[in-house]
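Structure at a glance
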Amino acid sequence: MPDARATAPPTAPGTVSPRTPVDLGVARSIAVAGRVLGPLVAQGAIVRRPRVTAWAERRQTDRTATAVLRGLRDEHGGAPVVLDLGPRRMVLPLHADDVGALLAGSPEPFSPASREKRAALRHFEPDAVLIQPSDRRPERRLLNEQALDTSEPVHRDAEALLAAVDRETQALTARVGTTGVLDWPAFAPAFWLIVRSVVLGAGARDDERVTDVIWALRQDANWAFLKPRRSRLRHELAERLRAYADRAEPGSLIARAAQSSAAPDPAGQVPQWLFAFDAAGAAVLRALAVAASRPVVRERLRSEAASGAAMQPYARGSVLESVRLWPTTFVVLRDATAPTVWGSRELSAGTGFAVVSAFVHRDPERLGFAHGFEPEAWLDGRADADWGLLPFSGGPVSCPGRNVVLLVAGRLLAGLAELDLAFPRARYLAHDPLPATFDHYGVRLLGR
Ligand code: HEM
């Protein structure tokens with residue numbers, strides 16, 4: 001499933017968009033930021049805080065945020081709005097074409113290395129492509145694409161990667177057979193066994209320390225500028241990853257990074273991979289809860305799984321739907337590296353842009369399936385043609401791990417769908433509209 005959005009949406013030459021951004025003023029900016037961005041920051045941008053995610057689900061904070069943004073879009077005819085947040089000016093695009101222009105115009109003039117992202121991610125991955133200035137990006141992007149087989153729906157090491165998934169799925173299935181419960185505390189340890197095997201090799205399967213260290217550093221990253229960096233821990237992480245890169249176990253992603261023709265240290269990109277796999281775990285568990293609540297979804301997953309094929313489109317579409325409905329990248333951020341023209345206005349270099357994923361992913365004005373579960377939309381090209389659907393971002397900075405993560409997560413989802421599990425809150429997910437906010441830590445599935 002390639003990302004079909006190869007070119008930018010049409011705009012007048014020299015302008016990013018025909019829509020002129022509208023200033024909201026200080027008081028309204030603070031009110032909007034509080035209702036839209038506040039709950040996202042509180043939940044933890046880099047690692048989720050369970051108590052806050054439970055609160056967010058109870059309050060359905062994404063419904064409120066979406067309503068605020070819909071109101072602003074109606075009020076200003078779809079123009080982007082500019083939040084004045086003291087030292088920071090943050091533009092929120094509200095039209096899918098403006099989102100497209102931003103993504104297609106990355107990394108120049110819209111750099112993904114935004115101020116906030118740099119402050120957060122440098123806690124554990126200072127060399128990651130995502131936070132590099134443009135001149136340092138190409139070699140690192142190449143390394144990622146070569147190791148992750150970005151353009152290939154099925155990674156060349158699929159056999160080994162899927163064997164690791166199947167092994168742990170079987171062990172988890174046996175445990176659930178005994179305990180009768182599949183919840184986050186049961187799911188997460190098994191999931192991390194898969195991630196370590198896939199990323200670092202079978203020899204890393206039980207190396208909990210490496211993922212514990214990254215978890216601790218991610219907790220610091222939630223605080224971005226407000227926490228000092230822990231250089232000893234970061235050094236330990238780098239050393240461990242370097243050892244795995246040197247070992248280069250065949251059938252692991254890090255081995256492919258070590259073989260890349262690109263110059264940068266392969267281990268420097270790997271913290272992003274370990275971090276980003278976390279999102280796949282959340283997406284799988286949510287999709288599994290949907291499957292347990294909707295017999296049609298579950299049956300399709302099961303019949304597809306019976307084929308044993310590496311390419312399981314419906315399972316992949318289900319993971320994508322899970323990330324569309326409950327985005328794991330709350331906000332896609334960009335910083336302008338040069339002045340940009342929007343309608344009749346020029347925005348200065350350094351202006352920040354924030355696309356609120358939950359808003360653009362569930363826009364009933366564009367999407368007939370906005371609040372439904374429709375994996376088919378990812379199979380027939382509808383979703384990939386829409387610039388507003390950015391679970392894996394879009395354009396030149398889109399996620400280079402998309403295909404490999406869909407391979408792994410789709411297989412895991414299909415394998416777990418074989419279990420006859422019930423979701424006690426099934427009525428919550430059985431019908432549309434699906435809840436705006438859905439806390440993966442709170443998912444609890446029971447054997448029938
Ligand atoms: C469900 C899981 C995942 C989701 C939803 C996801 C989503 C994203 C998104 C939205 C971005 C762009 C962020 C931005 O524009 O600011 C991104 C970037 C990136 N992702 Fe993923 N990702 C996932 C898993 C992975 C995995 C497993 C890997 C590696 C194995 C990976 C590697 C990367 C890299 C290297 C970048 C930076 C790309 C660049 O700066 O050019 N991702 N991902």
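Analysis parameters
- Residues numbered from 1 in each chain as written.
- Predicted model: local features only at pLDDT ≥ 70, side-chain atom pairs only at ≥ 80, totals over all residues.
- Heavy atoms only, no water.
- Donors = N, O, S within 2.8 Å, 3.2 Å for Na, K, Ca; no water.
- Helix = DSSP H or I, 4+ residues; strand = E, 2+ residues; numbered from the N terminus.
- Pairing = 2+ DSSP bridges.
- Contact = heavy atoms within 4.5 Å.
- Axes fitted to C-alpha atoms, helices over the stretch in contact; angles between N-to-C directions.
- Buried < 20%, exposed > 50% of the residue type's maximum accessible area, 1.4 Å probe, protein only.
- Near = heavy atom within 4 Å.
- Polar contact = N/O pair within 3.5 Å; in protein donor to acceptor, adjacent residues only side chain to side chain.
- Core = buried A, V, L, I, M, F, W, Y, C linked by side-chain atoms within 4.5 Å.
- Phe/Tyr/Trp six-rings, centres within 6.5 Å; stacked < 30°, edge-to-face > 60°.
- Lys NZ or Arg CZ within 6 Å of the ring centre and 35° of its normal.

1. Some remarks on the coordination of the iron atom of the ligand
The sole protein-derived ligand of the iron atom of the ligand is C399 (SG), positioned 2.3 Å away. With respect to the element layout, C399 can be found in the loop between α15 (357-361) and α16 (402-417).

2. Considering the pairing of strand β2 (residues 81-85)
Two elements, strand β1 (residues 22-23) and β2, share 2 bridges in a ladder whose sense is parallel. In the strand pairing of β2, D23 is matched with V82. Both β2 and strand β3 (residues 88-92) contribute to a ladder of 5 bridges, which runs antiparallel. From the neighbouring strand, L85 faces β3, where its bridge partner is R88. With antiparallel pairing between neighbouring strands as the criterion, β2 and β3 make up a hairpin whose turn holds 2 residues, including G86 at a positive phi of roughly 65°.

3. Digging into the sheet that holds strand β5 (residues 181-183)
Across the sheet, which stays open at both edges, the 3 strands sit in the order β5-β11-β10 with antiparallel pairing between neighbours. Here the strands that pair on one side only, and so sit at the sheet edges, are β5 and β10 (421-422). Inspection of the sheet shows β10 paired to strand β11 (residues 444-447) by 2 bridges, in the antiparallel sense. Across the sheet, A422 pairs through a bridge with L446, a residue of β11. Strand contacts of helix α12 (residues 270-293): β5, β10 and β11, with the helix running at about 50° to β11, the strand carrying the most contacts.

4. Here we look at the environment of S357
Summarising the element assignment, S357 is placed in helix α15. A sequence separation of 129 residues divides S357 from P228, and the C-alpha atoms of the two residues are 29 Å apart.

5. So, the environment of R298
Inspection of the secondary structure assignment puts R298 in helix α13 (residues 295-306). Taking the relative accessible area as the measure of exposure, R298 reaches 10% and is therefore buried. As for R298 and G388, which are separated by 90 residues in sequence, their C-alpha atoms are 28 Å apart. Discounting chain neighbours no more than four positions away, the residues touching R298 are A291, A417, L419, D420 and R448.

6. Overview of the site of the ligand
Around the ligand, a shell composed of 26 residues is seen, among which K117, R137, R141, R334 and C399 lie nearest. The contact in question runs from an oxygen atom of the ligand to an N or O atom on the side chain of R334, over 2.9 Å. In the model, an oxygen atom of the ligand is placed 3.4 Å from a nitrogen or oxygen of the S393 side chain. Mapped by element, the contributors of at least two residues to the shell around the ligand are α6 (137-148), α12 and β6 (331-336). Residue contributions to the shell around the ligand peak at 6 residues, all from α12.

7. A word on the sheet that holds strand β9 (residues 352-356)
Pairing in this open sheet of 6 strands is mixed, and the strands run β1-β2-β3-β9-β6-β4 from one edge to the other. Taken across any chain shown, the strands that pair with only one partner, and hence form the sheet edges, are β1 and β4 (110-111). Of the pairings in the sheet, the one linking β3 to β9 comprises 2 bridges and is parallel in character. Considered in β9, the bridge of V91 is made with F353. Strand contacts of helix α1 (residues 25-43): β1, β2, β3, β6 and β9, with the helix running at about 95° to β2, the strand carrying the most contacts.

8. Some details on the nonpolar core
Note that soluble globular proteins tend to have their nonpolar side chains buried in a common cluster. Grouped together as the largest cluster of nonpolar side chains are 101 residues, with contacts concentrated most on F187, V199, F277 and L445. For this core, the element with the highest residue contribution is α12, accounting for 15 residues. Apart from residues lying up to four places away in sequence, V199 is in contact with S252, L253, I254, V270, W273, L274 and F277.

9. A closer look at the packing of aromatic side chains
Within a pair of aromatic rings, the relevant descriptors are the distance that separates the centres and the angle that separates the planes. Per the counting criterion, the structure on display carries 11 aromatic pairs. On the basis of an interplanar angle of 75° and a centroid distance of 5.2 Å, the ring pair of F110 and F353 is categorised as edge-to-face. Separated by 243 residues along the polypeptide, F110 in strand β4 and F353 in strand β9 bring together distant segments of the chain. Taken together, a centroid distance of 5.0 Å and an interplanar angle of 65° make the contact between W326 and F438 edge-to-face. On the criterion of sequence distance, the pair formed by W326 in the loop between α14 (313-325) and β6 and F438 in the loop between α17 (426-430) and β11 is long-range, its members being 112 residues apart. Among the residues examined, W326 registers a relative accessible area of 3% and is labelled buried. The class of F438 is buried, set by a relative accessible area of 2%. Ring-pair connections join several aromatic residues into one group, and the members of that group are W184, F187, F191, W192 and Y441. Positioned above the aromatic ring of F330, the side-chain terminus of R48 is 3.8 Å from the ring centre. For R49, the ring lying beneath its charged end belongs to W223, and the centroid distance is 5.0 Å.

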